[in-house]
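For reference, the chains in residue letters:
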Amino acid sequence: MSKFTTLLNQKPVLVADGATGTMLQKAGLKPGAAPERWNLENAAAVRALYKAYIDAGADMILTNTFGGTPVRLERDGLREQVHAVNLAAARLAREVAGEQTLVIGDIGPTGQMLEPLGPLARSEAVAGFAAQAAALVEGGVDAILIETMSDLNEMTAAIEGVRQVTDLPILATMSFDTKGRTMMGVKPERAAQTLWGLGVAVIGANCGRTLTETLEAVLKMRATVPEAVLMAKPNAGLPHAEGGDLVYDVTPEIMAEYAQRFVNEAGVKIFGGCCGSTPEHIRAVAAVLKPC
């Protein structure tokens, strides 16, 4: 049994970390720049990010590799450094986490649509996901999270790629942000049936527009597949401009209140935050989900 599965079975609920890009931008990352570049060029900032979430009470941290596929890294001139970027992120996370905190290899979408809707061949997508996953595994991750997907075709390509290189547990979450569906029109019910049917360890929803909408999506997943292990990692609401900065409306207290709802109403086993969430949000969540 994997370390991830063991801890998942031992604890009533696991607290995941919060936003990565939001926090690195606060640390000085220029808007539009690839956060993954800092795995090679500003290791201290990445370590500090990981440590902040662990100190806040997170049971698991995600590697700074959301955009770590070859296709996505090409935007920032890093395609030839896919292995180095992902390996560095995982090793930094493992170094900070030690053996007490889970390290989850983070894989996000490529940013391109797969054929026949777009230019990306499925075989290229699968190979890219496999290359990223291989580096994350080499770096010592405990499981792989494929997140923020809107296209089931891309999600299944990612799962295929990961499985080519490792038998570590896979967590799979989609973003339901368009009238209860993903941007590509996938309903939570269909996502739940498809993903759980593929034998992944955890399914769920992340990102999204509001906490309420994400909760509704997870509740539909629960109703469709009652036996599923569910994860939720919602945004801290939607951002608005304030004095030149983007500000998210959801406070740590509101996030903590909703964390209890996700667990009590939907039976979510893993809860964390996505865009706009901070160590303060995760500290508040941990306080209510892991009371002393």
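Residues numbered from 1 in each chain as written. Predicted model: local features only at pLDDT ≥ 70, side-chain atom pairs only at ≥ 80, totals over all residues. Heavy atoms only, no water.

**Student:** Teacher, can you tell me more about the overall build of the chain here?
**Tutor:** Helix and strand content of the chain: twelve helices and ten strands. Computed over its C-alpha atoms, the radius of gyration of the chain comes to 17 Å, within 12% of the 19 Å expected for a compact globule of 292 residues. With the principal axes as the frame, the chain shows a C-alpha extent of 45 × 45 × 40 Å. In the chain, buried positions account for 55% of the 292 residues. The contacts of the chain with a sequence gap of at least 6 include a subset with a gap of at least 24, amounting to 78%. Carbon and sulfur atoms form 53% of the exposed surface of the chain, whose accessible area is close to 11900 Å². One finds the centroid of the 26 positive side-chain charges in the chain at a distance of 2 Å from the centroid of its 32 negative side-chain charges. (Helix = DSSP H or I, 4+ residues; strand = E, 2+ residues; numbered from the N terminus. Rg over C-alpha atoms; globule rule 2.2 N^0.38 Å. Buried < 20%, exposed > 50% of the residue type's maximum accessible area, 1.4 Å probe, protein only. Contact = heavy atoms within 4.5 Å. Areas by Shrake-Rupley, 256 points an atom, 1.4 Å probe, with all protein chains shown as cover. Lys, Arg positive; Asp, Glu negative; His and termini not counted. Charge placed at Lys NZ, Arg CZ, Asp CG, Glu CD.)

**Student:** I'm lost on the state of the cysteines in this one. Help?
**Tutor:** In protein chemistry, a disulfide is the covalent bond that joins the sulfur atoms of two cysteines. A complete count under the given rule lists zero disulfides for this structure. In this model C207 remains outside any disulfide bridge; the closest cysteine sulfur is found in C275, 4.1 Å from its own. Free of any disulfide, C274 has its nearest neighbouring cysteine sulfur in C275, separated by 4.2 Å. (Disulfide = S-S within 2.5 Å.)

**Student:** Hey, could you run me through the pattern of salt bridges in this one?
**Tutor:** Once their charged atoms are close, side chains differing in charge can pair, the charge on each being opposite to the other. Under the defined criterion, the tally for this structure stands at 15 salt bridges. In this structure, D76 and R37 form a salt bridge, with 2.8 Å as the shortest nitrogen-oxygen distance. Placement of D76 in the loop between α5 (70–73) and α6 (82–97) and of R37 in the loop between α2 (21–26) and α3 (38–41) is noted, with a sequence separation of 39 residues between them. Within this structure, K11, D59 and K290 form a network of salt bridges that share partners. (Salt bridge = Lys/Arg side-chain N within 4 Å of Asp/Glu carboxyl O.)

**Student:** I keep staring at helix α9 (residues 188–197) and nothing clicks. Help me out?
**Tutor:** Residues spaced three or four apart along an α-helix point in a common direction, a consequence of the helix completing one turn every 3.6 residues. Residues of α9 that are buried: P188, A191, A192 and L195. Across the axial projection of α9, the buried residues extend over an arc of 100 degrees, all falling on one side. Away from the buried face of α9 by more than 90 degrees, exposed residues Q193 and G197 are located. Check the buried side of α9 and you find it contacts α8 (152–165), β5 (170–174), β6 (202–207) and α10 (211–224). Immediately downstream of α9, the backbone of G199 shows phi near 80 degrees, a positive value. (Arc of directions from axis to C-beta.)

**Student:** Before we go on, may I ask you to explain the sheet that holds β6 in this structure?
**Tutor:** Sheets are built from strands paired through backbone hydrogen bonds, the pairs being either parallel or antiparallel. As summarised here, the arrangement of the eight strands in space is β1-β10-β7-β6-β5-β4-β3-β2, forming an open sheet in which the pairing is parallel. At either margin of the open sheet sits one strand with a lone partner, and together these are β1 (14–15) and β2 (60–62). Taken together, the four bridges between strand β4 (residues 143–149) and β5 define a ladder with parallel strand orientation. Among the inter-strand pairings, L145 is bridged to a residue of β5, identified as L171. Packed onto the sheet, α10 meets β6 and β7 (230–234) and runs at close to 170 degrees relative to β7. (Pairing = 2+ DSSP bridges. Axes fitted to C-alpha atoms, helices over the stretch in contact; angles between N-to-C directions.)

**Student:** Quick question: what am I supposed to make of unusual backbone geometry here?
**Tutor:** Among all residues save glycine, negative phi is the norm, and among peptide bonds the norm is trans. Cis rather than trans, the peptide bond between E115 and P116 has omega equal to 10 degrees. Position of P116 among the secondary structure elements: in the loop between β3 (102–107) and α7 (122–138). Positive phi values are uncommon outside glycine, yet C207 reaches one of about 60 degrees. Here C207 is to be found in strand β6.

**Student:** Before we go on, may I ask you to explain the side chain of T63 in this structure?
**Tutor:** Tracing the backbone through its elements, the reader meets T63 in the loop between β2 and α5. On the basis of relative accessibility, which here comes to 1%, the residue T63 falls in the buried class. Reaching out from T63, the side chain makes a polar contact with the side chain of T65 at a distance of 2.6 Å. Setting aside chain neighbours within four positions, we find T63 in contact with Y50, A89, A90, A93, V103, I104, G105, D106, L136 and V141. (Polar contact = N/O pair within 3.5 Å; in protein donor to acceptor, adjacent residues only side chain to side chain.)

**Student:** How do you make sense of the packing of aromatic side chains when you look at a structure like this?
**Tutor:** Aromatic ring pairs are reported here in terms of the distance separating the ring centres and the angle at which the planes meet. Inspection of every chain in the model, using the stated rule, returns one aromatic pair. Ring centres 5.2 Å apart and planes at 50 degrees place the aromatic pair F262 and F271 in the tilted group. The exposure class of F262 is buried, given its relative accessible area of 0%. (Phe/Tyr/Trp six-rings, centres within 6.5 Å; stacked < 30°, edge-to-face > 60°.)

**Student:** Is there a simple way to explain a nonpolar patch on the surface in this structure?
**Tutor:** The grouping of M113, L117, M183 and M184 at the surface amounts to a nonpolar patch, some 410 Å² of accessible area in total. Inspection of the secondary structure puts M183 in the loop between β5 and α9. Note on M183: relative accessible area 61%, which makes it exposed. (Patch = residues over 30% accessible without salt bridge, like charges linked within 9 Å, V, L, I, M, F, W, Y side chains within 5 Å.)

**Student:** Just to check I follow, could you spell out the pairing of β4 for this structure?
**Tutor:** If a strand is regular, its side chains alternate between the two faces of the sheet. Here β4 lies mainly inside the structure; seven of its seven residues are buried. Note: β3 against β4, four bridges, orientation parallel. The residue of β4 that forms the bridge with D106 is L145. What joins β3 to β4 is α7, and the crossover it makes is right-handed. With respect to chirality, the unit in which β4 leads through α8 into the neighbouring parallel β5 is right-handed. (Right-handed = clockwise from strand over helix to strand, strands pointing away.)

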